[in-house]
There are 2 protein chains.
Amino acid sequence: MKKIRLGIIGCGIAARELHLPAIKKHKDKFDIVAACNRTEKKAKEYSLLTGGIPYTTDCREILKNPDVDAVVIAVPIDLNYKFAMEAIKAGKHVFLEKPLAAKPEEARKLIALQKRAKKVCFLAENFRFDPLYIEAKKLLDKKVIGDVYSVVWNVFNNLTLKDKYAQTKWRQKNKYPGGFIYDGGVHNAAALRMLFGDIKSGYASMKTVNPAIGTEDTFSFLFNFDKTTHGILNIFFSVRGFRSNEMIIFGDKGSLIIQNTNRIVIKKDGRKERKVNIKTDGGYENEFLHFYKIITKGIKNLSPFEEGYKDMMILQKAFESAKKDKLIKL
Amino acid sequence: MKKIRLGIIGCGIAARELHLPAIKKHKDKFDIVAACNRTEKKAKEYSLLTGGIPYTTDCREILKNPDVDAVVIAVPIDLNYKFAMEAIKAGKHVFLEKPLAAKPEEARKLIALQKRAKKVCFLAENFRFDPLYIEAKKLLDKKVIGDVYSVVWNVFNNLTLKDKYAQTKWRQKNKYPGGFIYDGGVHNAAALRMLFGDIKSGYASMKTVNPAIGTEDTFSFLFNFDKTTHGILNIFFSVRGFRSNEMIIFGDKGSLIIQNTNRIVIKKDGRKERKVNIKTDGGYENEFLHFYKIITKGIKNLSPFEEGYKDMMILQKAFESAKKDKLIKL
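Residues numbered from 1 in each chain as written. Chains lettered and ligands numbered in written order. Predicted model: local features only at pLDDT ≥ 70, side-chain atom pairs only at ≥ 80, totals over all residues. Heavy atoms only, no water.

**Things to note about the overall build of chain A**
(1) Moving on: Scanning chain A for helices and strands turns up 11 helices and 15 strands.
(2) Moving on: Compactness check: chain A gives a C-alpha radius of gyration of 20 Å against a globular reference of 20 Å for 330 residues, within 12% of the reference.
(3) Moving on: Summarising its shape, the C-alpha atoms of chain A cover approximately 60 × 45 × 40 Å along the three principal directions.
(4) Moving on: With 330 residues in all, chain A has 59% of them scored as buried.
(5) Moving on: Put simply, of all contacts in chain A between residues at least 6 apart along the chain, 70% involve residues at least 24 apart.
(6) Moving on: Total accessible area computed for chain A in this model is approximately 13,800 Å², and 51% of it derives from carbon and sulfur atoms.
(7) Moving on: A distance of 1 Å separates the average location of the 60 positive side-chain charges in chain A from that of its 37 negative side-chain charges. (Helix = DSSP H or I, 4+ residues; strand = E, 2+ residues; numbered from the N terminus. Rg over C-alpha atoms; globule rule 2.2 N^0.38 Å. Buried < 20%, exposed > 50% of the residue type's maximum accessible area, 1.4 Å probe, protein only. Contact = heavy atoms within 4.5 Å. Areas by Shrake-Rupley, 256 points an atom, 1.4 Å probe, with all protein chains shown as cover. Lys, Arg positive; Asp, Glu negative; His and termini not counted. Charge placed at Lys NZ, Arg CZ, Asp CG, Glu CD.)

This is the structure in structure tokens:
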């Protein structure tokens, strides 16, 4: 099978630290053939990391390059729309880093374009391919905790300017709603949808505790999947003194807890706890493999733009709920 | 100082296990002189516990008894109104176990009556007198964690028919909204108000996971104290496999966690955790002492019926929110 020749658009943290290790694991499937970044320094650095591939500051060069089969777009959120649109129009396969777009109308335009696209449009939401959530889903489907009636997911972090993500200027002065809550929260939305289905309604509160890291950093959301199952998502980025990431899933026969990013604990009355440690890179390796198989084997795209749209709209609507102090329907 | 002569109305679990040990600590301040319960067996048992005091199944005997200065009312929630009203009309000091009443209109009638009452009307909400919350309040007032912007309180329990409270028929077939969520939740509402002020608005979801213990047992509430502080209260009574009671208070300079019913942990970045174990009986001893001092020394009543009304209305409104799927204002 011929390898897929990748052009990299955006050489920031995601490209270097999340995508590159995953692509390297699939050496037999991908060749990185060109890289582009607005800042030449970053493009050059990426080139050095990848054996000295050609680099540029003008991404149109990548899109015009007939040697590029597919582009991996990992740019500031507000630029997703522009680059994805141009890549689709240029006839490339597209691997677009989440969230789909900064604004709902941009996202809808991308979906419309995707429908006419001749090539694959893949929204890179790694949580959908993370062995952690895939295993949790299996266990829930097997009814190990019976029927689920609620989920409480607390993500408590202290993100300061020491953090590499918080140091990126486009995150500090975000041109999209929700700041880090949006950036990080679409992952949570994706995992919740994957495990429990679509969210139908909800109400949120949101605040800015540490403005240095962006517009909003504290978010609480109470939502309903349906009449029988509801949930709470707390994403706090400016928590002082401790960190914690725990999703507690409440079933009528037991509880399943996803701790941090690699452990599942099943608790039942009177039984010894069952702990499962999951080996995972966050799902990046799997998502590149899936992207490859959609292109080469024609398997079903499990993360088309429509899925990314549903994830992002949960956050967009929740922000609207918090800002206008009203219930929202999805 | 003359001792206050108490008549006990309702000889159930609260009277026996919560009130009696506290009253016994104040032997120099209270004499229990009569007891009443609809079921003679219970009245007799209580009499035996208290040295063979006279008992009856007709509470009017207590209310007519000139030797009774004050009555302690601890009856099924739906009977609070009837007995409190009759006790006020009979001219007794009243110590009324929370919640104030089963219905808002009953509560408002009691408040109107209280205003014309010549004697003390005290709503026994022990959390207001619990050394745990009093200490937490002191620490927050001292700004040990800076300005508070959020609170998340998770109360996860598995209440089955093995539990003595769940065995009471009036709880299983509750004639008041919210079942155990109401019964227990007014305590949480009182503590939240005490620590952070009045709740202004919110949205709730509620379900019945185990109908054997009453109408509702699972409750999530997202609420706002004001524009700068919001909170989440999860009260789940049918959690399988683990128990937990933790209030996490988020301040811009640190976090304060109230664990179970007797420990405060303060967490700050880069510092050793500070843990404070609080010696507490839940506040019962303090609330009886306070009741005594209101009557004998004329100190300010820190728990008049109006306060109990505010506590109960948070729950009543939240139930309305969940049932009608709407935001509520308080």
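**Side note on the relation of the copies chain B and chain A**
In this structure, two copies of a chain are linked by a rotation about an axis accompanied by a shift along it.
(1) Moving on: Laying chain B over chain A is done by rotating through 180° and shifting 0.0 Å along the axis; what remains is an RMSD of 0.0 Å. The relationship between the two copies is best expressed as a two-fold rotation axis.
(2) Moving on: Comparing interface residues between copies, 100% of those in chain B also sit at the interface in chain A, which points to an isologous, same-surface contact. (Least-squares fit on C-alpha atoms with pLDDT ≥ 70 in both.)

**Describing the state of the cysteines**
(1) Moving on: Counting across every chain of the model gives 2 disulfides over all chains.
(2) Moving on: Each sulfur in the disulfide pair Cys36 of chain B and Cys59 of chain B lies 2.0 Å from the other. On the sign convention where negative is left-handed, the bridge of Cys36 of chain B and Cys59 of chain B, at about -80° about the S-S bond, is left-handed. Taken together, the positions of Cys36 of chain B in strand E2 (residues 30-36) and Cys59 of chain B in helix H3 (residues 59-64) put the pair 23 residues apart, joining distant regions of the chain.
(3) Moving on: We note that Cys11 of chain A lacks a disulfide partner, and the nearest cysteine sulfur, in Cys36 of chain A, lies 6.8 Å from it. (Disulfide = S-S within 2.5 Å.)

**Side note on the sheet that holds strand E1 (residues 4-9) of chain A**
Hydrogen bonds between backbone groups are what pair the strands of a sheet, and the pairing can be parallel or antiparallel.
Residue and element names in this part refer to chain A.
(1) Moving on: The 6 strands are arranged E3-E2-E1-E4-E5-E6 in an open sheet whose pairing can be described as parallel. Looking at which strands have only one partner, the edges of the open sheet turn out to be strand E3 (55-56) and strand E6 (121-124).
(2) Moving on: For E1 and strand E2 (residues 30-36), the ladder comprises 6 bridges, and the chain directions are parallel. Bridged to Ile8 within E2 is Ala35. (Pairing = 2+ DSSP bridges.)

**Concerning the UniProt feature "domain: GFO/IDH/MocA-like oxidoreductase" (unreviewed entry) in chain A**
(1) Moving on: UniProt tags residues 134-256 of chain A as "domain: GFO/IDH/MocA-like oxidoreductase" (unreviewed entry).
(2) Moving on: Helix makes up 28% of residues 134-256 of chain A and strand makes up 33%, while its end C-alpha atoms are separated by 14 Å. (UniProt positions renumbered as here; feature names shortened; annotations may be inferred.)

**Here's the deal with the packing of aromatic side chains**
Residues and elements named next belong to chain B.
(1) Moving on: Evaluated as defined, the whole model comprises 51 aromatic pairs over all chains.
(2) Moving on: Each ring, one from Phe95 and one from Phe122, has its centre 5.4 Å from the other, and the planes form 35°; the classification is tilted. Taken together, the residues Phe95 in strand E5 (residues 93-97) and Phe122 in strand E6 (residues 121-124) connect sequence positions 27 residues apart. Note on accessibility: Phe95 and Phe122 belong to one class, buried.
(3) Moving on: Measuring from ring centre to ring centre gives 5.2 Å for Phe95 and Phe291, while their planes differ by 75°; the resulting arrangement is edge-to-face. Residue Phe95 is found in strand E5, and its partner Phe291 is found in helix H9 (residues 284-297); the two are separated by 196 residues along the sequence. No difference in accessibility class separates Phe95 from Phe291, as the two residues are buried. (Phe/Tyr/Trp six-rings, centres within 6.5 Å; stacked < 30°, edge-to-face > 60°.)

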